[in-house]
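Spelled out from the first residue to the last, the chains are:
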Amino acid sequence: MTTIPTTVQERVLLPGSAAPGSIATAKALTPADIVAMLKQRMVTIIILSVLLGAIAVGVFFLLYLKFPGYSAEAMVECISDMPAQPMQIEQETLADDPYDRFVRSQAMLLVSRTNLSNVLQDVEVRGTQWFASIPQDERLIELEEEISCAPIRDSNFIRVAMSTHSPLDPHKIVNRVVQVYLDDVKDKAMDRYRDELAAYRRELADVRDQVQLKKEQIRNFQASLPAGEGAIDGGTIGNGLLIEQLRLEQEEVSTLELQTTELESLLRIYSDPEGAAVTPEDRLAVEQDLRVNQLDNQVFSLEQELRVLLAQFGPNHREYLEMVRRLDEAESQLSAARANKLREVVDFKRQQIETAYYNSQNALLHAKERLQETQARQADLDRKLSELQTLFDERNLLVETQNRLDEYIQEIDRIVHKSEAIRVEWAIRATEPLERSFPSLFMLPALVILAGLLAVGMGLGLELIDNSIKTAQDVSRHVGLPVLGSIPDVDDEEMEIERVETAVRDAPKSMVTEAFRSVRSNLQFSAPADRLKSILITSPRPEDGRTTVAANLALSLAAGGKRVLLVDANLRKPTLHKLFPECKGAGLTNIVIGETEAADCVRRTSMSNLDVVGSGPLPPNPAELLGNELFRAFMAGATQQYDHLIFDSPPALLASDASVISTIVDGAILVCRARDNSRGIVQRAKSMLVNVNAHVFGVVLNVAQARRGGYFREQLRTFYEYQLEGEEAGAGELTLPAGSKEDKLGGEGE
């Protein structure tokens, strides 16, 4: 046996399961998950659907019989010559039609409190059943709530409607509301326009005074500007002498700067005694000097005489040598004369350039001063022209306002003098309703459908807020571990099971036993055989069914022909001795403290291939004992003799014993109790095992209820019907010979 946890690649995972040790993440709901939730809550949904549907039907018939509604409506047409608002900078964009605002305002007047108060004073309205059924102090409020008045979009019509319980009332009230409004609206509209006309005429007089004042300011400001400069209506005029002067001075400064730079460069060149530039003109001036010319002629004559002496006497003759000396002296004098003359020429030119440079510098300085003065004058002029332009803009705005006020006053004056300028008149009168408008028969199926949808929503809501582990899908989605099997609740079994802890032995043909066989099969496929030697059974909390799963898994493995040793490693609250009385006495505690040998504590059971080891006396330090070398030695020896070692341990969240043992065994099985363990508890138990590098084979979901949508709802009845058909079809019972495998397995058929 190896005690080193294997890698993930060595494990064989169940299809659709997460890798052991991986962090569980909540998965998004799929349509299959929603269908499963609906199945699980089907009974609740049906009950709620029936209940809510009955309430919806009852409410509908109550409204139909006791609170019927009869509606009537009238149409009012509004035609207005109201002019556009004068002070708007931009055209109104909220309404596509120019009369929309007027129509909306008339609709508000129709249902105003003043108009409705006058309606309630009408004799015809006072004679209606609606008026008699409402207390006096509530009539105005009720009428405001029940009467509806709204413009019809893209038209000049207003729809006025009302609904009452009596078919004799709504058309009377609606017609009186419109009539009272029509009697009052025209006079008020004319009065409003007259007042508005007077107000705008006063405003127009004020604007005209402001225009005259602004013109006077412009004239005074223009008089303060320099001669030839000014602006009219935003356009600058004048001879522009200052601008032209500024341009010329800028050009003069640029020219002088360029000239000064060139003279400065020449001055640096001629000031350098070694690097002074000598032009061909300078050399010509040197050659034209009288002294240089005389010496040059002398050298030429001596050279001619030297050639004659060389031809007559040869190079070594005294006269020839004397002539050479005289030629050298003449050439030396010529070179000195040329150098002196060239220096005089260069000095003279340098003095000229220096004088020109200083003159140019002085001229540039004066030109810059003049340019700065001109720029300051131009800046001051620009500021004044800007102020003048602002005055022009203010004057133009006032003039525009004056023109618009003139136009608006002309429109209002036309409306006031023309009595038919505003027309608000009947379009359609309200008539007595022929049938009820509320409640409509179409509401009944809609209410029933709404009740069904509400029931489905409530069922899904109950399922979503329930955070307990109920199904294998919950384990896969929220815990991230493979599900080795689901054990049904004994209460849902059709076969009587006296003790579920040993159901595999006591009721081999039950659905519970078949579930444990499925756990055994899935476990054998979850890892290689040499990695299934030692198995720890633990759970998050007490009463989750660890001992039940451990005992039945051991019985199932033994029934499959494997030699199994079941060990009670719960040294805090052992329970295996209640299921297997033969394991009382010395046990695991005696082995791990070295008090006795393992062979002396192993007890054989009534089932072949299954041995058990009890817990022994309860120690004060279980975790320390389970982690010592004697415990490891016990496991090493037991794995040599048995195919499987199964340890029943305390809950993982209550004691550290499970974490200690899980680091030594090949793997652990986590037992979850359906509808009792929450997702968080199971996730914490998994994390405790994963954090100590334990390998978790998977989860066994215990006490899974056979409810609609559950794991066993359809399997239970089919399972037993299938067995019953098999027994009826059999010719007789099969008698096994003595010593057969079933006999050796401890009477599995008992």
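Heads up: the structure comes first, above all this text.
Small disclaimer: the values here were computed from a predicted structure and weren't measured.

Peer 1: Got a minute to help me understand the sheet that holds strand β9 (residues 564-568) in this structure?
Peer 2: The strands making up a sheet are joined through hydrogen bonds of the backbone, oriented either antiparallel or parallel. One open sheet accounts for 8 strands, arranged β7-β14-β13-β8-β12-β9-β11-β10; its pairing is mixed. Of all strands in the sheet, those bounded by a partner on one side alone are β7 (483-488) and β10 (602-604). Each adjacent strand pair in this sheet contributes to an overall mean axis angle of 25°, direction not counted. Pairing between strand β13 (residues 667-673) and strand β14 (residues 696-704): 6 bridges, direction parallel. Paired with Cys672 across the bridge in β14 is Leu701. The strands that helix α24 (residues 679-691) touches are β8 (534-538), β13 and β14; relative to β13, the one it contacts most, it runs at about 170°.

Peer 1: It is not clear to me how the pairing of β9 should be interpreted in this structure. Could you clarify?
Peer 2: Two faces belong to every sheet, and in a regular strand the side chains alternate between them. Summarising burial for β9: 5 of the 5 residues are buried, a large majority. Looking at chain direction, β9 and strand β12 (residues 644-648) are connected through 5 bridges and run parallel. Within β12, the position partnered with Leu566 by the bridge is Ile646.

Peer 1: Please clarify how the nonpolar core should be interpreted in this entry.
Peer 2: Soluble globular proteins tend to bury their nonpolar side chains together. Within the largest apolar cluster, 42 residues are counted, with the highest numbers of intra-cluster contacts made by Leu565, Leu588, Phe631, Phe634, Phe647 and Leu670. Ala515, Ile535, Val564 and Leu579 belong to the second largest nonpolar core, which has 37 residues in total.

Peer 1: Explanation requested: the pairing of β8 in the structure shown.
Peer 2: Across the 5 residues that make up β8, a large majority, 5, are buried. What you see with β8 is no split at all: Ser534, Leu536 and Thr538 on one side and Ile535 and Ile537 on the other are buried throughout. Relative to β12, β8 runs parallel, the two being bridged by 4 bridges. When the sheet's bridge partners are listed, Ser534 is paired in β12 with Leu645. Of the pairings in the sheet, the one linking β8 to β13 comprises 4 bridges and is parallel in character. Its bridge partner lying in β13, Ile535 is registered against Gly667.

Definitions and limits used
Residues numbered from 1 in each chain as written. Predicted model: local features only at pLDDT ≥ 70, side-chain atom pairs only at ≥ 80, totals over all residues. Heavy atoms only, no water. Pairing = 2+ DSSP bridges. Helix = DSSP H or I, 4+ residues; strand = E, 2+ residues; numbered from the N terminus. Axes fitted to C-alpha atoms, helices over the stretch in contact; angles between N-to-C directions. Contact = heavy atoms within 4.5 Å. Buried < 20%, exposed > 50% of the residue type's maximum accessible area, 1.4 Å probe, protein only. Core = buried A, V, L, I, M, F, W, Y, C linked by side-chain atoms within 4.5 Å.

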